[in-house]
Amino acid sequence: MKPNLLTLRIQRFNKEKDPSGWIEPFEVEVRKGMNLLEALLRIQDEQDRGLAFRYSCRGAVCGSCAMRVNGKDVLACRTHVEDLLEKPALIEPLPLFPVTRDLIVDMSAFFDRYRKMEPYLQAKPISPQVEYPMEEEKRKEIDPYINCILCGICFGTCPAFEKDSEFLGPAMLAKAYRFLVDPRDRRNEEILRAVNHQQGVWGCKTVFNCVKVCPKQVPPTYAIVKMRNRVLWYRIRHLISPSQPFGRFFS
Amino acid sequence: MEILSHDILIIGGGLAGLRAAIEAKRSGRDVAILSKVHPLRSHSVAAQGGINAALGNASTPAKDTWENHAFDTIKGSDYLADQDAVEAMCREAMERVIEMEHWGTLFSRTEDGKIAQRPFGGAGFPRACYAADRTGHNLLHTLYEQVVGLRIPVYEEWYALSLVIQEGRCVGALCLHFFEGRIVPFRAKAIILATGGYGRIYLRSTNAVINTGSGSFLAYQAGIALEDMEFIQFHPTSLYGTNILITEGARGEGGYLINARGERFMERYAPHLMELGPRDIVARGTQTEIDQGRGFEGGYVHLDLRHLGREKIMERLPGIRQITVDFAGVDPILESIPIQPAQHYSMGGIPTNADGETELPGLFAAGECACVSVHGANRLGGNSLLETLVFGERAGRKAAEQAGKEKKIPEEMIFRERLGAFQSRLDGIFGRKGEEPSFLIRDEMKAMMTSRVGIFREESGLLAARGKIQELKKRFLKTGLKQKGLAFNNELVQHWELEGMLHLAEAIVEGALARKESRGSHFRADYPKRDDEHWLRHTLAFKTEEGVRLDYKKVSITSYPPKERTY
Ligand SMILES: Cc1cc2nc3c(=O)[nH]c(=O)nc-3n(C[C@H](O)[C@H](O)[C@H](O)COP(=O)(O)OP(=O)(O)OC[C@H]3O[C@@H](n4cnc5c(N)ncnc54)[C@H](O)[C@@H]3O)c2cc1C
Ligand code: FES
């Protein structure tokens, strides 16, 4: 019997060689339980030392190896090649981000947005000797949003970018929410202000694509909807009591 | 020629590197981090089970203390740890962990809202603070967030290739901008190596694919001896197939190890602590079951979590469930997890004092690449995350202090010279025709290390390993490169990393051959007993033209005289 062969059609890009890019087919012998990252590493060893892609943990926790496989954005290390044997699989870099080389994209726009959110706890004062008290229930409420590995997969499937390329993006809005609901963080209005616009929570089309594709089951759309509700709630409160200092940001 | 200058350059963006950077920055220095991957992709992100600190939050009859923690660590180390360093680490553990909580780490909680702690192997108290089973992810993201807040610059996807030493002082490093293919000299008053472990010298390893130990090799090449390299930790429970880690926390929560006959076999090896014996003992027990035919076909046993129930698994071990479902198609709520031992941690490394200083002025090391030594012959679970924070902080502080005093600025000349020399070495490599690709050598080295320098060692196997390494080193000199240029040249980087791995492997083998005793993770079937009279000492491996030269140094003992280690 012929060994099981996997065919990958890989989108290549090398500015010096061919600025318009090309698709190159490769064949790899499949081993039991093999994932796509292992297949790519084999190709890099045995067939094309120049093939460029990112990797690190090989366990779906570091967020390095996001790419587009047959039109779907996935982590290569979490993708079984057994599922790709039917027909030649098309492997492309993540969409939206500029391609640097082959499957490596430039994620600086992603991390620029990340920094814009000021994604670090701005804590209420407390004695350095003790932890903040927190209910386990509260932790569980924040936990799903903490699990984001910043792989960039949610950006590619999000229709909000079609309308506005400056949209903050699902991962960043989930990150904002993570700090908003963290009882240790003293910010509240700052965070809401940072997302209360068309490139923030109001740009979302609530089609839940990001929730569906997230390899870590982070639900950004829920965060977005909850933040919208909070914004509305503040607006209403302002109508009732305009002296609330926070209200003026939303009037 | 372009030169980049900083007071302090930190090589490595894992927990140790980031923590060091934060401290040095807070001391008012100009600090930069340089890392071959984006900091969040560092291996630290994969740590699962927890970080030790004697907070005493769990409800136990007696209260945990840092002295208990120190004792457990020293006993766990099979008395090879330096006790003064262990005491420093355990004393500062609470402060470091609370600080992480204040910076945003989302630790799991007890019923009264405190940081939750779970039992870990070899620990007398539930001491491992955890964030579900994604402790490393939570800690690393928290530290990176702080780094962003402090606006510390990060050179992402740059490789440190060589240290620049002048008149017995480390004054900088040559680094490669991988995408642009430029080698740029960095000038610094202090350099901190925080480059992690070298698990990928082994075929079966829980480590990230990028853990090649190149930072340790930088120091070794610069003439610094590597310490205790023969002590390699094997983790008892890695997922059969991919060797992805299944945290000790799974046993901490009550998981059983079961052989093919359905027995809880740890009864034979650690009748009191059972599955929560220290790693070396559980790993040897597991491997013995497999070797003696009581495992399943293919070489694995079962980790059974089913009796914990859905709720506990979903709450405390959700990441583990995700891993076993994704990578083995096994749902631990319904089925047992197939596991086997695998290389997990590098106890040895660059010798430092408790402030991260190496013997080379200007050079510091912290984290898994360093050997302080707080783990001795066997690290306890939860202690290495702690090590990264405690000694990252200490190294950052000390480096800042020294950089403040250092007034001499080395001249450009020296960097120009070193760059020229490095370039001509590269030209030599590029000029070789190459008889075979280097990945074949890499794969043979890995398989050999797992089979001959693994959990069980003996003279004949180690001698064969020595012979094999010499052969591989010779063959390596005849490998060539197909890829030209420096930009995106994976082949070049892997070639360079392999050279380092071969040297580290050699130091491991030589240390293991010489050490005719069994201690902690180093088990010699031909010398199964610990021998304090001859071997209560640290190994030092020096790189020479002829190969490895071994020397030894004393273990620092404060208040815990060596005793027999039973569990
Ligand atoms: C799967 C797994 C789970 C673990 N779980 C736990 C746990 O629950 N508790 C615990 O205490 N410990 C645990 N450990 C151990 C612990 O995670 C590591 O020891 C620790 O994270 C190491 O951190 P570090 O900062 O020293 O190195 P790393 O996180 O490995 O970082 C090394 C950094 O150096 C950079 N680097 C390396 N070489 C170069 C170079 N030449 N040039 C430029 N940059 C370079 C890399 O890019 C990276 O940023 C676990 C380990 C594994 C394998
Ligand atoms: S390699 Fe880390 S997520 Fe795939």
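Residues numbered from 1 in each chain as written. Chains lettered and ligands numbered in written order. Predicted model: local features only at pLDDT ≥ 70, side-chain atom pairs only at ≥ 80, totals over all residues. Heavy atoms only, no water.

All names here are of chain B. The environment of ligand 1 is made up of 39 residues, and the closest members are Ser42, Ser44, Gly49, Glu368 and Leu385. The separation between an oxygen atom of ligand 1 and a polar main-chain atom of Gly14 is 3.5 Å. With respect to ligand 1, the backbone of Gly382 contributes an N or O atom lying 3.4 Å from an oxygen atom. Protein contact buries 98% of the 1,000 Å² of open area that ligand 1 shows by itself. If you tally residues by element for the shell around ligand 1, the top one is helix H10 (residues 383-405), at four residues. Classifying every residue of the shell around ligand 1 gives 15 nonpolar, 21 polar and three charged. (Near = heavy atom within 4 Å. Polar contact = N/O pair within 3.5 Å; in protein donor to acceptor, adjacent residues only side chain to side chain. Areas by Shrake-Rupley, 256 points an atom, 1.4 Å probe, with all protein chains shown as cover. Helix = DSSP H or I, 4+ residues; strand = E, 2+ residues; numbered from the N terminus. Nonpolar A, V, L, I, M, F, W, Y, C, P; charged D, E, K, R; others polar.)

Moving on, we get to helix H2 (residues 108-116) of chain A. If you check which residues of H2(A) are buried, you get A:Phe110, A:Phe111, A:Arg113 and A:Tyr114. The buried residues of H2(A) occupy an angular sector of 150° when projected down its axis, which confines them to one face. Of the surrounding elements, those touching the buried residues of H2(A) are helix H4 (153-157), helix H5 (160-163) and helix H6 (170-180) of chain A together with helix H4 (135-149) of chain B. Once H2(A) ends, the next one or two residues include A:Glu118, with phi positive near 45°. (Buried < 20%, exposed > 50% of the residue type's maximum accessible area, 1.4 Å probe, protein only. Arc of directions from axis to C-beta. Contact = heavy atoms within 4.5 Å.)

A separate point is the sheet that holds strand S10 (residues 226-227) of chain B. Residue and element names in this part refer to chain B. Read from one edge to the other, the open sheet built from three strands follows the order S10-S18-S19, with strand pairing classed as antiparallel. Strand pairing shows two members of the sheet lacking a second neighbour, S10 and strand S19 (547-554), which therefore form its edges. With eight bridges joining them, strand S18 (residues 537-544) and S19 adopt antiparallel strand pairing. Within S19, the position partnered with Leu540 by the bridge is Asp551. Contacts between helix H5 (residues 214-221) and the sheet are confined to S10, S18 and S19, with S18 contributing the most and set at about 75° to the helix. Contacts from helix H14 (residues 490-514) reach S10, S18 and S19, with the element oriented near 55° to S19. (Pairing = 2+ DSSP bridges. Axes fitted to C-alpha atoms, helices over the stretch in contact; angles between N-to-C directions.)

The subject of this paragraph is the interface of chain A and chain B. When the parts of a complex come together, some accessible area is lost, and that lost area is often taken as the interface size. Contact with chain A, which involves 61 residues of that partner, is made by 54 residues of chain B. Remark: the boundary between chain A and chain B carries eight salt bridges. Among the ionic pairs, B:Asp443 bridges to A:Arg42, the shortest N-O distance being 3.3 Å. Linking chain A to chain B there are 33 residue pairs in polar contact (both at pLDDT 80 or more). Elements with a minimum of two residues in the side of chain A that touches chain B: helix H1 (36-46), strand S6 (99-101), H2, helix H3 (136-146) and H6 of chain A. Looking at the side of chain A that touches chain B element by element, the count peaks at six residues for H3(A). When grouped by side-chain class, the residues that make up the side of chain A that touches chain B number 29 nonpolar, 13 polar and 19 charged. (Salt bridge = Lys/Arg side-chain N within 4 Å of Asp/Glu carboxyl O.)

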